[in-house]
Amino acid sequence: NTLWWAGVTGLDGIRQDTLPYVPRDFWRDWMAAIKREYPKMNVIGETYDSDPAQVAFFQGGRRQWDGIDSGIDTEFDFPLFYAIREAFARDGSIKRLAEVLSHDHLYANADLLVPFLGLHDMLRFMSEPGATRAGLMLAQTYLMTTRGIPLLYYGDELAMPGGNDPDNRNDFPGGWAADNHNGFTNAGRTAEEREVFDHLKQVVRLRRELEPLRRGRLVTLSVDDKHYAFARTTAREAVIVIFNHDQQQKGIEFETTPIKLASGARFVDRLNAAQEIRLNGSTMQVVMPARSASIITAK
């Protein structure tokens, strides 16, 4: 399938609920024309807004209050992007992630949304005030375990810095014989770049291996400002994802009743972060280091 990208609303500095600069009936007619010509083409809309109601209004799949179905296949998940940056780059509340997902009922299909950590329109993750490689790796873990179709912006796999456009579009290091720095090979990456690259490679591999991380229903199990536990479940298996966003080791406890784990099952953290995992009845207890994440499966 070919991927298209359409800016559907918004102008920089102007709220998009007050000024959609392309009429919605245009997108309806344009999408119909595209699908007639290329029925397998997928189109992503860019609604640059932190409010899920604004973004959901432009995703196709149902008629909105104006009687128009835009027909646009899906949208960049800007509301989740802002929550990810706030939590993992600025050390804010991780609870905001669950709050954004609680609005998924507004979308025709939230599983088709495209979550991301960065795009060409904004400064890079590592150029956020206070951003760290540890925070970036937590954000990458969340990106690969939450619902939707994750998007990676080039250079984030090496923790590239970059300010606002056009500084966020600098060349990826390497690729030419005269380049002193080559991010395309393991030997050419710095130790810091290898740390981020290898971590991202690991969570991408786990997403490919564990079906619930790609197709599973997302169930929030426990959340507060510093801790977040959720499950991705299919009819055959469940994967539990836990974040300890605190600056100290923490024992995290939550009920697993909504996902019905097998009695007596044994568990393993596929990221090797959890120091202890116990299931007492339906209550799971996990001891986790500071600023860490776990991807837990049954052995």
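Residues numbered from 1 in each chain as written. Predicted model: local features only at pLDDT ≥ 70, side-chain atom pairs only at ≥ 80, totals over all residues. Heavy atoms only, no water.

> Describe the overall build of the protein, with residues and values.
For the protein, the count of helices and strands is 7 helices and 11 strands. For the protein, the C-alpha radius of gyration of 20 Å lies close to 19 Å, the compact-globule estimate for 299 residues. Relative to its 299 residues, the protein shows a buried fraction of 48%. Contacts in the protein between residues at least 24 apart in sequence constitute 66% of all its contacts with a sequence separation of at least 6. With an accessible surface of roughly 14400 Å², the protein has 50% of that area assigned to carbon and sulfur atoms. (Helix = DSSP H or I, 4+ residues; strand = E, 2+ residues; numbered from the N terminus. Rg over C-alpha atoms; globule rule 2.2 N^0.38 Å. Buried < 20%, exposed > 50% of the residue type's maximum accessible area, 1.4 Å probe, protein only. Contact = heavy atoms within 4.5 Å. Areas by Shrake-Rupley, 256 points an atom, 1.4 Å probe, with all protein chains shown as cover.)

> An account of the pattern of salt bridges is needed here, citing residue identities and associated values.
Scanning all chains against the criterion turns up 17 salt bridges. For D91, the salt bridge is made with K226, and the minimal N-O distance between the two is 3.7 Å. Residue D91 is located in the loop between α3 (78–89) and α4 (95–101), and its partner K226 is located in the loop between β4 (217–223) and β5 (227–233); the two are separated by 135 residues in the primary sequence. The class for D91 is partly exposed, based on a relative accessible area of 34%. Judged by its relative accessible area of 25%, K226 falls in the partly exposed class. (Salt bridge = Lys/Arg side-chain N within 4 Å of Asp/Glu carboxyl O.)

> Can you explain the sheet that holds β4? Please cite residues and give values.
If you trace the 5 strands from one edge of the open sheet to the other, you get β4-β5-β6-β11-β8, paired in antiparallel fashion. Strands at the two margins of the open sheet, each flanked by one partner only, are β4 and β8 (267–269). Sheet twist, expressed as the mean angle between neighbouring strand axes with direction ignored, is 20 degrees. By the bridge criterion, 5 bridges tie strand β6 (residues 238–244) to strand β11 (residues 292–298) in an arrangement that is antiparallel. Within β11, the residue paired with I240 across the bridge is I296. (Pairing = 2+ DSSP bridges. Axes fitted to C-alpha atoms, helices over the stretch in contact; angles between N-to-C directions.)

> Tell me about the nonpolar core, and name the residues and values.
With 37 residues, the main nonpolar core has I84, F88, L97, F125, Y142, Y228 and F243 as its most contacted residues. Mapped onto this core, the elements with two or more residues apiece are α3, α4, α5 (133–145), α6 (191–209), β5, β6 and β11. Top element by residues in this core is α5. It accounts for 7 residues. Apart from residues no more than four positions distant in its own chain, L97 is found in contact with L80, A83, I84, F88, Y142 and Y228. L221, A229, I240 and M284 belong to the second largest nonpolar core, which has 15 residues in total. (Core = buried A, V, L, I, M, F, W, Y, C linked by side-chain atoms within 4.5 Å.)

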